Each structure stands twice: as structure tokens, then as C-alpha cells.
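# Inside the fold
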Amino acid sequence: MIDIITTELYWLILTITMTGLLWIPQIIHSVLKVGPTKALLYPNEATTHYADWAKRSKAAHNNAVENLIIFAPLTILVVTLGVQNEMTAIAASVYFFARVVHFFMHTLAVPLMRTVMFLIGFACQIVMAFTIFNVM
């Protein structure tokens with residue numbers, strides 16, 4: 001059992017929480033655009049009325065979820081195996097900020113920065129994976 005919240009788990013909890021909240025802008029937009037009934041009862045139909053930024057926001061949220069599926073287990077394994085170090089702590093915090101910036105760059109349609117932030121997040125996943133492989 002883990003007795004303390006490690007730096008890695010702290011940043012993972014923040015990342016999970018942030019990812020869990022990224023749907024809010026697109027839903028608010030949907031409610032304002034088509035009304036609460038259509039937005040909540042027929043969400044797929046409501047998306048056809050989304051502004052471009054809301055479509056990109058939805059895509060950025062989906063991307064965050066897809067990447068969290070990779071990052072979370074790696075981070076949990078690092079902590080469970082007790083192999084966390086300064087690099088994994090830095091990777092966990094950098095991952096959080098890269099995903100925050102990625103969301104905004106994707107929503108605002110800033111393609112180069114969006115890609116750079118994605119690659120930084122990917123590099124953080126690699127740090128976690130290599131840390132685990134170095135123990136085996």
C-alpha cells in the first residue's frame with residue numbers, strides 16, 4: 001500500500017481531474033447554442049451545431065482521455081514498483097502542463113504548438129516506461 005501521495009501521484013490526480021473537466025466548455029456551448037433539451041437529450045445531434053472551436057475542444061478532450069489511458073497506468077506502475085525518481089516527478093508535472101497547453105492550443109487552432117505539446121506529453125510517457133523497463 002502507498003502510504004503517501006508521491007509527486008507522481010499528485011500530478012496524476014491533477015491530470016485526471018483536469019481531463020475529467022475538459023468536456024465542460026463544449027457542453028456549455030452546446031446548451032447555449034441549441035438549448036438544454038437538445039444538448040442533453042440528443043447530444044450527437046447537438047454536435048452538428050457546434051462552432052469550430054467547440055469541435056476542436058471536443059477533439060482535444062478525446063485526445064486527453066486517449067493519452068491518459070497510457071500515462072496513468074505507467075505512473076501508477078512507477079509508484080507501485082517504488083522506482084520513482086527526480087525524472088519521473090518532473091515528467092509527471094510536465095505532462096500535466098503539456099496537456100493543459102495542448103487543450104488550449106487545439107481549441108484555439110494553433111497547430112504547431114498543439115503538436116509540440118502532444119510530443120512533450122509523449123516524451124513524459126516514454127520517461128515513465130523507460131523507468132519501469134530499467135528496473136526489470
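Residues numbered from 1 in each chain as written. Predicted model: local features only at pLDDT ≥ 70, side-chain atom pairs only at ≥ 80, totals over all residues. Heavy atoms only, no water.

## Notes on the packing of aromatic side chains
Counted by the stated rule, this structure contains six aromatic pairs. The interplanar angle of 85 degrees and the centroid separation of 5.3 Å between the aromatic rings of Tyr-10 and Trp-11 together place this pair among those described as edge-to-face. By relative accessible area, Tyr-10 is classed as partly exposed at 44%. Assessed through its relative accessible area of 16%, Trp-11 is described here as buried. Judged by centre distance (5.1 Å) and plane angle (80 degrees), the rings of Phe-96 and Phe-97 are edge-to-face. Looking at Phe-96, the relative accessible area reads 12%, which means it is buried. On the basis of relative accessibility, which here comes to 47%, the residue Phe-97 falls in the partly exposed class. Taken together, the aromatic side chains of Tyr-10, Trp-11, Phe-96 and Phe-97 make up a single cluster linked through ring pairs. (Phe/Tyr/Trp six-rings, centres within 6.5 Å; stacked < 30°, edge-to-face > 60°. Buried < 20%, exposed > 50% of the residue type's maximum accessible area, 1.4 Å probe, protein only.)

## Section: the pattern of salt bridges
Applying the stated criterion across every chain yields a total of one salt bridge. As a salt-bridge pair, Lys-38 and Glu-45 come within 3.1 Å of each other at their nearest N and O atoms. Classification of Lys-38 by relative accessible area gives partly exposed; the value is 27%. You can call Glu-45 partly exposed: its relative accessible area is 40%. (Salt bridge = Lys/Arg side-chain N within 4 Å of Asp/Glu carboxyl O.)

## What to know about unusual backbone geometry
In this model, Ala-109 sits at a positive phi of 60 degrees, which is unusual for a non-glycine residue. Within the secondary structure layout, Ala-109 lies in the loop between helix H6 (86-107) and helix H7 (111-135). On the basis of relative accessible area, Ala-109 is assigned to the partly exposed category, the value being 44%. (Helix = DSSP H or I, 4+ residues; strand = E, 2+ residues; numbered from the N terminus.)

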